[in-house]
Amino acid sequence: MKIPRRLSPVALLTLAAALSGCAGPQVQDYAQEQPTLDLRSYLQGCLQAQGLFTDRAGRVVKRFHVRMEGRWQGEEGTLDEHFTYSDGSTQRRLWRLRHLGQGRYSGQADDVVGEAFGAQAGNAFQWKYTLALPVDGRVWHVALDDWMFRMDERTVLNRSAMSKWGLHLGDVTLVFTKDEAGSTTCR
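Read on for a plain summary of the structure. Bear in mind that the values here come from a model prediction, so they are computed numbers and not experimental data.

How each quantity is defined
Residues numbered from 1 in each chain as written. Predicted model: local features only at pLDDT ≥ 70, side-chain atom pairs only at ≥ 80, totals over all residues. Heavy atoms only, no water. Helix = DSSP H or I, 4+ residues; strand = E, 2+ residues; numbered from the N terminus. Buried < 20%, exposed > 50% of the residue type's maximum accessible area, 1.4 Å probe, protein only. Contact = heavy atoms within 4.5 Å. Pairing = 2+ DSSP bridges. Axes fitted to C-alpha atoms, helices over the stretch in contact; angles between N-to-C directions. Core = buried A, V, L, I, M, F, W, Y, C linked by side-chain atoms within 4.5 Å. Polar contact = N/O pair within 3.5 Å; in protein donor to acceptor, adjacent residues only side chain to side chain. Salt bridge = Lys/Arg side-chain N within 4 Å of Asp/Glu carboxyl O.

1. Some details on the overall build of the chain
Within the chain, the secondary structure is distributed over two helices and ten strands. Going residue by residue from the N terminus, the α and β elements of the chain occur as α-α-β-β-β-β-β-β-β-β-β-β. Counting over 187 residues, the chain shows a buried share of 37%. The long-range fraction of contacts in the chain, counting pairs at least 24 apart against all pairs at least 6 apart in sequence, stands at 37%.

2. Points about the sheet that holds strand β3 (residues 76–85)
Adjacent strands of a sheet form backbone hydrogen bonds with each other and so pair up, either parallel or antiparallel. One closed barrel accounts for ten strands, arranged β1-β2-β3-β4-β5-β6-β7-β8-β9-β10; its pairing is antiparallel. Between one strand axis and the next, the sheet turns through 25° on average, direction left out of account. Where strand β7 (residues 124–135) meets strand β8 (residues 138–150), twelve bridges bridge the pair, whose relative direction is antiparallel. For L133, the partnering residue across the bridge sits in β8 and is W140.

3. Notes on the nonpolar core
Judged by nonpolar contacts, the single largest core of 33 residues is most densely connected at L43, W95, Y129 and F176. For W95, the contacting residues outside a window of four places in its chain are G77, T78, L79, E81, G107, Q108, A109, V112, A116 and Y129.

4. Brief notes about the pairing of β3
Across ten bridges, strand β2 (residues 60–73) lies against β3 in antiparallel orientation. Among the inter-strand pairings, R67 is bridged to a residue of β3, identified as H82. Counting the residues in the hairpin turn of β2 and β3 gives two residues, including G74, whose phi is positive at 65°. Note that β3 and strand β4 (residues 90–101) share nine bridges and pair antiparallel. The partner of D80 across the bridge, within β4, is L94.

5. With respect to the environment of D111
Relative to the helices and strands, D111 resides in the loop between β5 (104–108) and β6 (112–121). With relative accessibility at 15%, the residue D111 sits in the buried group. In this view, D111 contacts Q91, R93, T130, L131 and A132; residues no more than four positions away in its chain are not counted. A polar contact of 3.4 Å, which involves the side chain of D111, links it to the side chain of Q91.

6. With respect to the pattern of salt bridges
Per the counting criterion, the structure on display carries 13 salt bridges. The partner of R98 in a salt bridge is E76, and the shortest N-O contact between them spans 3.7 Å. Of the two residues, R98 is situated in strand β4 and E76 in strand β3; the sequence distance between them amounts to 22 residues. Owing to a relative accessible area of 33%, R98 belongs among the partly exposed residues under this scheme. Between E153 and R150 there is a salt bridge, with its nearest N and O atoms 3.4 Å apart. Assessed through its relative accessible area of 56%, E153 is described here as exposed. Residue R150 is classed as buried on the basis of its relative accessible area of 8%. Among the charged side chains, a salt-bridge network with shared partners connects D38, R40 and E75.

That is the geometry; function is a separate question.
Take a look at the structure:
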């Protein structure tokens, strides 16, 4: 078998994407970290988040605020998210969540292509999904590698790496804050 001395650009991109898929942390790396992030209890009730999107060069492209209300009944849950962006635009995303057992979850939303799958261990949770993202009048299907880390009883840090065709497009960073216990209405 003869091995080519020079790889085509497509072969190089494929190889780079395959190698990058093998690297990086796994959710089980955080199994001993505390406090534990149990999505069913954390995403119950009212939450707020502040976030921003940075492009691949690290420049802030857009800032946003999110009001959320989570509800769980057994293994099924919803997370109703209301986004307000720095340019004044708004968006709503309604997640339909399912606990699959052993720290595994799935989720669907109208702008999620197919189904999101995730796993939790210790203070960490990782989702992977494809988002239908409107960009300049077109819709791009972008992959998200979405990590959440519980910091304390009220705070979760969230970082999502966004890519297309294996190329890094940018990151979404959020700070979730759970409203005080006993809050009956979400603002």
